[in-house]
Amino acid sequence: MKNTIIFLFSFLAITSTTLATERIGRLGVGMTTQLVNDLPAVSFKIQQSKTFSFGGLLSLDSSDTGGWGAGVKLYRVIFEEPQTNFYLGFLGALLNDKKDESTDKTGFQFDLTVGSEFSFAGLTSLGLSFETGISLNKIDDFAIQTVGSQFIIGSIHFYL
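Scope of this entry: the structure provided in the associated data block. The structure displayed is predicted, hence computed values, not measured ones. (Residues numbered from 1 in each chain as written. Predicted model: local features only at pLDDT ≥ 70, side-chain atom pairs only at ≥ 80, totals over all residues. Heavy atoms only, no water.)

### Some thoughts on the environment of G25
Put simply, the rule reads: Comment: elements are numbered from the N terminus, with helices defined as DSSP H or I runs of at least four residues and strands as E runs of at least two. Each residue is assigned to one of three classes by its accessible area relative to the maximum for its type, calculated with a 1.4 Å probe on protein chains only: buried under 20%, partly exposed between the two thresholds, exposed over 50%.
Topologically, G25 is positioned in the loop between α1 (2-18) and β1 (27-32). Given a relative accessible area of 60%, G25 falls into the exposed group. In sequence terms G25 and K45 are 20 residues apart; their C-alpha atoms lie 9.8 Å from each other.

### Details of the packing of aromatic side chains
Under the convention used in this document: Put simply, two rings from Phe, Tyr or Trp (the six-membered ring, in Trp's case) pair if the centres are within 6.5 Å, and we call them stacked under 30 degrees between planes, edge-to-face over 60, tilted for the rest.
Enumeration according to the criterion identifies eight aromatic pairs in this entry. Between the aromatic rings of F44 and F54, the centroid separation amounts to 6.4 Å while the plane-to-plane angle is 85 degrees, which identifies the pairing as edge-to-face. Of the two residues, F44 is situated in strand β2 (residues 41-47) and F54 in strand β3 (residues 52-61); the sequence distance between them amounts to ten residues. Here the aromatic rings of F90 and F110 are separated by 6.2 Å at their centres, their planes lie at 15 degrees, and the arrangement is stacked. With F90 in strand β5 (residues 84-97) and F110 in strand β6 (residues 105-120), this residue pair connects regions lying 20 residues apart in the sequence. Taking relative accessible area as the criterion, F90 reaches 37% and is therefore assigned partly exposed. Take F110: its relative accessible area is 37%, and that puts it in the partly exposed class. Chaining the aromatic ring pairs together yields one cluster made of F90, F108, F110 and F142.

### Quick notes on the pattern of salt bridges
Cut-off, in case you're wondering: For this analysis, a salt bridge means a side-chain nitrogen from Lys or Arg found within 4 Å of a carboxyl oxygen belonging to Asp or Glu.
Within the structure shown, the criterion is met by four salt bridges. Of the charged contacts in the structure, one is a salt bridge between K45 and E117, with a shortest N-O distance of 2.9 Å. Here the residue K45 occupies a position in strand β2, and E117 occupies one in strand β6, the gap between them amounting to 72 residues. We note a salt bridge from K105 to D140, for which the minimum N-O separation is 2.8 Å. Taken together, the positions of K105 in strand β6 and D140 in the loop between β7 (123-138) and β8 (142-149) put the pair 35 residues apart, joining distant regions of the chain.

### A word on the environment of D97
Formally: Any two residues whose heavy atoms approach within 4.5 Å at even a single point are treated as in contact.
Among the structural elements, D97 can be located in strand β5. With relative accessibility at 11%, the residue D97 sits in the buried group. With 31 residues separating them along the chain, D97 and G66 place their C-alpha atoms 6.3 Å apart. With near-sequence residues (within four places) excluded, D97 lies in contact with N37, G66, G67, T103, D104, K105 and I139.

### Brief notes about empty space enclosed by the protein
Unoccupied space between atoms shows up once a probe the size of one water molecule is rolled over them. Rules: Note on definitions: the grid is 1 Å and covers protein atoms alone; a cavity is a set of points where a 1.4 Å probe fits but cannot get out; a pocket is an open set with protein on both sides within 12 Å along at least five of seven lines; lining residues have an atom within 4 Å of a point. Grid points are joined across faces, edges and corners, and a volume is the space filled by probe spheres set on the points.
Under the definition given, this model contains one cavity of 30 Å³ or more. Here the largest cavity is characterised by a volume of approximately 60 Å³. What lines the largest cavity is T32, Q34, S43, F44, G55, G56, L57, K73, Y75, E131, S155 and H157. Elements with a minimum of two residues in the lining of the largest cavity: β2, β3, β4 (67-81) and β9 (155-159).

### Focus on the layout of surface pockets
The following threshold applies: Nonpolar residues are Ala, Val, Leu, Ile, Met, Phe, Trp, Tyr, Cys and Pro. Charged residues are Asp, Glu, Lys and Arg, and all others, Gly as well, are polar.
By volume, the largest pocket is sized at about 370 Å³. Around the largest pocket sit 21 residues that line it, and L35, V36, N37, D38 and Q145 are the ones nearest its centre. The set of elements that each furnish at least two residues to the lining of the largest pocket consists of β6, β7 and β8. With five residues, the top contributor of residues to the lining of the largest pocket is β8. In terms of residue class, the lining of the largest pocket is built from five nonpolar, ten polar and six charged.

In structure tokens, the structure reads:
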């Protein structure tokens, strides 16, 4: 019985270390809807080290009621588990929103969030993220808002 327990713990220890997702130096390309002008954005993310990543996002709608958005995002990993990391995030973006043909407003967005990116075992090239925090933004009026993005509207990245 003692040998069985030792074998089980050894197997779990080996398995958990092999399941850790290593993304240092890999480029993640995907999408997000984190901008307050409600435009879906193409995003990228590069993990520089075990604790720091940076990324960017770009959205564009050339219709009469469209707009654009461009931003930079910084990530600081605060806790790591196999298949998951928890991070602090900072987003800085410039925004444009056209409600109708006569209105064209430009503004900004700054977000401070806590989030998590996770992968499924066997599918480590796909990262799903969700975040919560606070947003300071201005397009029409200055607003301080809470942020809550589930992974469906948070971000999804495919790591090359």
